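Report on the structure
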2 protein chains.
Amino acid sequence: MAKKHIIGIDLGGTNLKIALLDRSCRIIHKHTQPTDILASKEMLITAIADAITRILSLYNLTRSGIMGVGLGLPGPIDFDRGIVHFFPNIPGWKDVPLQKILEKRTAIPVAVDNDANVMALAEFTLGAAKGARNAVCLTLGTGVGGGLILDGRLFRGSSYAAGEIGHIPVNEKGPACNCGGIACLESYIGNRRIAQKVKAVFGKDIPLEEVSAMAHRGNRKALAIWESVAVHLGVGLTAVVNLLNPDCIVIGGGVAGAGSILFNKVTETILLRAMLVHARTVRVVKAKLGNDAGMIGAGLLVKEKRR
Amino acid sequence: MAKKHIIGIDLGGTNLKIALLDRSCRIIHKHTQPTDILASKEMLITAIADAITRILSLYNLTRSGIMGVGLGLPGPIDFDRGIVHFFPNIPGWKDVPLQKILEKRTAIPVAVDNDANVMALAEFTLGAAKGARNAVCLTLGTGVGGGLILDGRLFRGSSYAAGEIGHIPVNEKGPACNCGGIACLESYIGNRRIAQKVKAVFGKDIPLEEVSAMAHRGNRKALAIWESVAVHLGVGLTAVVNLLNPDCIVIGGGVAGAGSILFNKVTETILLRAMLVHARTVRVVKAKLGNDAGMIGAGLLVKEKRR
């Protein structure tokens, strides 16, 4: 009997999202549960295994009927060997062979990769970059993460660390970045830096969603903040566009909620600064799958690993 | 009878280099002839066809015994359709179907691509990046050209324009670049900019080879010039390294002749600025094939096209 289902898991710092997917990675059922980020490694692994068992029994499915379980995880991962190198925001993980551990516990094939790659896979296969050949996907949040689809395949690099769009330097001199670098894109447009700027401009903390709303209502100071974010981002993306000549850039994550104010200025900056052919070839679009991208992309990992 | 030979041609602004290669693209015979850069399109095509005929008769070979003719050309090329879009430094070429034209004239299969891609293919297959999985190859000259080998294959991008390492912006504000961009790497380290700097520092024109020699003899001003070139280059390569996580960067072209002075400082800058895993993964090496890279890489195009 053909295996008809896939399970996709998106593990974040605060939530574990799990979905039962059909063979095309469309969501049949999804569920979100909080994860105690201070939980031990063992507790987190048990929580994952339990979540899998629950979704199986909910749909009365057997383990042998599942093509595989995919996981998108918040840290550097060795996709081929299925190893979690570490999680920047969850202590206690160091070179953990999570794929093998979970395969042993669940008796289902497992595939793991980092959240940015998983998001890129989802947007490329079923989202905003569908039909593209070369797609650059980025998520704007506390960090600026990226995943690269090149010649129709996820490109991981020589140590599974490709796609660090947030750590492209946009200036030779500038703010120190958390990564140890200087003047990285993330050091200008990470959520915290934008929040600092908001506080400096308005004299108080305002949530970024509210700053977006203010900009859409025409508030000049709020507009100036988003335009400055867009110019930094546009310069960083000019590097990516001239280097990789992609046909699609997908932008997701909280900051992308600023919408047209952000996207128009990013596109304008790329048209102004990138090479003509490159700028004309690429379209910059908003991510389509939102919070489902992680679960869907995790499911797609399973299909990639089976190839 | 198996086809035993390939012909590789490297067309530059001033010379046409042609080589008879064996099936592994090793050079059996090579020949350089001047090209009149003001020659008409028709004259240049005839010169190419004649050069092919000459090398065949020299070795008493028949056209049917040749696997193909590859050409590395100084401008943007559509590899799949075999079209030369234009040559920045040779007038009169506009969307010329050179592959078809030469196949008709010579009765031999033809493959064409730009010189940077051809160089990358050569250094990856038979040169300094042999054994790498992901290699970034750049040539430092009047322009800063680049070619990308990703997951073991030449990556061309969505409009055959990937690899423009010279047009990665290294600052948000800075000198205008010939490409229309701002503060591109090339606008800091293209040969002409270095020559301008040399003139400003020394009060007269000095050939760059001589500035290299002076630096190696310990001349502080000359050293400072190369170190500044290396820092700009190191920042641009930090973008490439964090984005693509390559295991090898190959640097060729005239400026690479500065040798250890340049390479040590480039490596130091990458170690200082790139992310830890990325910096540890990559080695920066000097191109190995020198002036033969174009002919060898052109031959390798033939093999790629037959696949």
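Residues numbered from 1 in each chain as written. Chains lettered and ligands numbered in written order. Predicted model: local features only at pLDDT ≥ 70, side-chain atom pairs only at ≥ 80, totals over all residues.

**Re the overall build of chain A**
Across its full length, chain A holds ten helices and twelve strands. Over its C-alpha atoms, taken along the principal directions, chain A stretches across nearly 60 × 45 × 35 Å. (Helix = DSSP H or I, 4+ residues; strand = E, 2+ residues; numbered from the N terminus.)

**Quick word on the packing of helix H3 (residues 115-126) of chain A against helix H10 (residues 293-306) of chain A**
Residue and element names in this part refer to chain A. At a closest axis distance of 7 Å, the pairing of H3 and H10 adopts a crossing angle of 85°. On the basis of the axis angle, H3 is roughly perpendicular to H10. Residue-level contacts link Asp115, Val118, Met119, Leu121, Ala122, Glu123, Thr125 and Leu126 of H3 to Ala293, Gly294, Ile296, Gly297, Ala298, Leu300 and Leu301 of H10. Per-class residue counts for the contact of H3 with H10 are ten nonpolar, three polar and two charged. (Axes fitted to C-alpha atoms, helices over the stretch in contact; angles between N-to-C directions. Parallel < 35°, antiparallel > 145°, perpendicular 65-115°, else oblique. Contact = placed C-beta atoms within 7 Å. Nonpolar A, V, L, I, M, F, W, Y, C, P; charged D, E, K, R; others polar.)

**Overview of the packing of helix H7 (residues 220-244) of chain B against helix H8 (residues 260-273) of chain B**
Residues and elements named next belong to chain B. Taken N-terminus to C-terminus, the directions of H7 and H8 make an angle of 45°; their axes are 8 Å apart at the nearest point. Considering the angle they form, H7 stands oblique to H8. When you trace H7 past H8, the crossing you get is right-handed. For the pair H7 and H8, contact is made by Leu223, Trp226, Glu227, Val229, Ala230, Val231, Leu233, Gly234, Val235, Leu237, Thr238 and Val241 and by Ile261, Leu262, Lys265, Val266, Thr269, Ile270 and Arg273, respectively. For the contact of H7 with H8, the class distribution of residues is 13 nonpolar, three polar and three charged. (Left-handed = near helix turned anticlockwise from the far one by under 90°.)

**Observations concerning the domain arrangement of chain A**
All names here are of chain A. As far as domains go, chain A holds domain 1 (5-118 + 292-306) and domain 2 (130-287). Measuring from the centre of the C-alpha atoms in domain 1 to the corresponding centre in domain 2 gives 28 Å. In this complex, domain 1 contributes nine residues to the contact, which on the side of domain 2 involves eleven residues. Elements that contribute at least two residues to the side of domain 1 that touches domain 2 include exactly strand S5 (77-78), H3 and H10. Here the residues of the side of domain 1 that touches domain 2 are counted per class, giving five nonpolar, one polar and three charged. (Domains from an automatic or database assignment.)

**Some words on the interface of chain B and chain A**
Chain B puts 40 residues into the contact, and the matching count from chain A is 40 residues. Mapped onto the side of chain B that touches chain A, the elements with two or more residues apiece are H7 and helix H9 (276-281) of chain B. Element by element, the count of residues in the side of chain B that touches chain A is highest for H7 of chain B, at seven residues. For the side of chain B that touches chain A, a count of residues per class yields 20 nonpolar, 14 polar and six charged.

**Things to note about the sheet that holds strand S4 (residues 66-73) of chain A**
All names here are of chain A. Ordered by their spatial adjacency, five strands build an open sheet running S3-S2-S1-S4-S7, and the pairing between neighbours is mixed. At either end of the open sheet lies a strand with only one pairing partner, and these are strand S3 (27-34) and strand S7 (110-114). Here the average twist between neighbouring strands, direction ignored, is 15°. Against the sheet, H3 touches S4 and S7, its axis set at about 105° to S7. Sheet strands in contact with H10 are strand S1 (5-11), strand S2 (15-22), S3, S4 and S7, and its direction is about 125° off that of S4. (Pairing = 2+ DSSP bridges.)

**Things to note about the relation of the copies chain B and chain A**
You can overlay chain B on chain A at an RMSD of 0.0 Å; the transform is a turn of 180° with a shift of 0.0 Å along its axis. With respect to symmetry, the two chain copies, as superposed, fit the operation of a two-fold axis. No C-alpha of chain B approaches the rotation axis more nearly than that of Asn171 of chain B, which lies at 2.0 Å. Comparing interface residues between copies, 100% of those in chain B also sit at the interface in chain A, which points to an isologous, same-surface contact. (Least-squares fit on C-alpha atoms with pLDDT ≥ 70 in both.)

**Quick word on the sheet that holds strand S12 (residues 283-286) of chain A**
Working definition: the strands of a sheet are paired by backbone hydrogen bonds and lie parallel or antiparallel to each other. Residue and element names in this part refer to chain A. An order of S10-S9-S8-S11-S12 is seen for the five strands of this open sheet, with the pairing classed as mixed. Each edge of the open sheet is held by one strand with a lone partner, namely strand S10 (153-155) and S12. On average, adjacent strands in this sheet sit at an angle of 25° to one another, irrespective of strand direction. For strand S11 (residues 248-252) and S12, the ladder comprises four bridges, and the chain directions are parallel. Looking across to S12, one finds that Val250 is bridged to Val285. Relative to strand S9 (residues 144-150), H3 is tilted by about 50°, and along the sheet it contacts strand S8 (135-140), S9, S10 and S11.

**Some details on the pairing of S4 of chain A**
Residues and elements named next belong to chain A. The buried fraction of S4 is high, at eight of eight residues. Strand direction decides the pairing type here: S1 and S4, joined by six bridges, are parallel. Following the sheet pairing, His5 is matched in S4 by Ile66. (Buried ≥ 20, exposed ≤ 12 C-beta atoms within 10 Å, placed from the backbone.)

**What to know about the pairing of strand S8 (residues 135-140) of chain B**
Residue and element names in this part refer to chain B. By the criterion of burial, S8 is predominantly enclosed, with six of the six residues buried. Residues Ala135, Cys137 and Thr139 point to one face of S8 and Val136, Leu138 and Leu140 to the other, with burial holding for every one of them. Relative to strand S9 (residues 144-150), S8 runs antiparallel, the two sharing six bridges. Bridged to Ala135 within S9 is Ile149. Hairpin connection of S8 to S9: three residues between the antiparallel strands. Summarising the sheet, S8 and strand S11 (residues 248-252) pair through five bridges and their orientation is parallel. Bridge pairing links Thr139 to Gly252 in S11.

**Observations concerning unusual backbone geometry**
Peptide bonds are, in most cases, trans, and in most cases residues other than glycine have a negative phi. Residue and element names in this part refer to chain A. Positive phi outside glycine occurs at Ala107, with the angle close to 60°. Examined against the element boundaries, Ala107 turns out to sit in the loop between helix H2 (98-106) and S7. Using a count of 10 C-beta atoms within 10 Å as the deciding quantity, one classes Ala107 as exposed. Although it is not a glycine, Asp151 sits at a positive phi angle of roughly 50°. Relative to the helices and strands, Asp151 is located in the loop between S9 and S10.

**Topic: helix H6 (residues 208-216) of chain A**
An α-helical segment advances 3.6 residues per turn. Residues three or four places apart therefore align on the same side. Residue and element names in this part refer to chain A. Where H6 is concerned, the buried positions are Val211, Ser212 and Ala215. The buried residues of H6 all sit within an arc of 105° when viewed along its axis, so they share a single face. In H6, the exposed positions angled more than 90 degrees off the buried face are occupied by Glu209 and Glu210. Summarising the contacts, the buried residues of H6 are in contact with helix H5 (191-202), helix H7 (220-244) and helix H8 (260-273). Phi for Gly218, located one or two positions after H6, is positive at around 100°. (Arc of directions from axis to C-beta.)

**Examining H8 of chain A**
All names here are of chain A. Between the first and last C-alpha of H8 there are 20 Å, a value that for 14 residues agrees with the 20 Å anticipated at 1.5 Å per step. Of all the positions in H8, only Leu262, Lys265, Val266, Thr269, Ile270 and Arg273 are classed as buried. One side of H8 holds all its buried residues, which, seen down the axis, span an arc of 140°. Those residues of H8 that are buried lie in contact with H7, helix H9 (276-281) and S12. (Expected span 1.5 Å × (residues − 1).)

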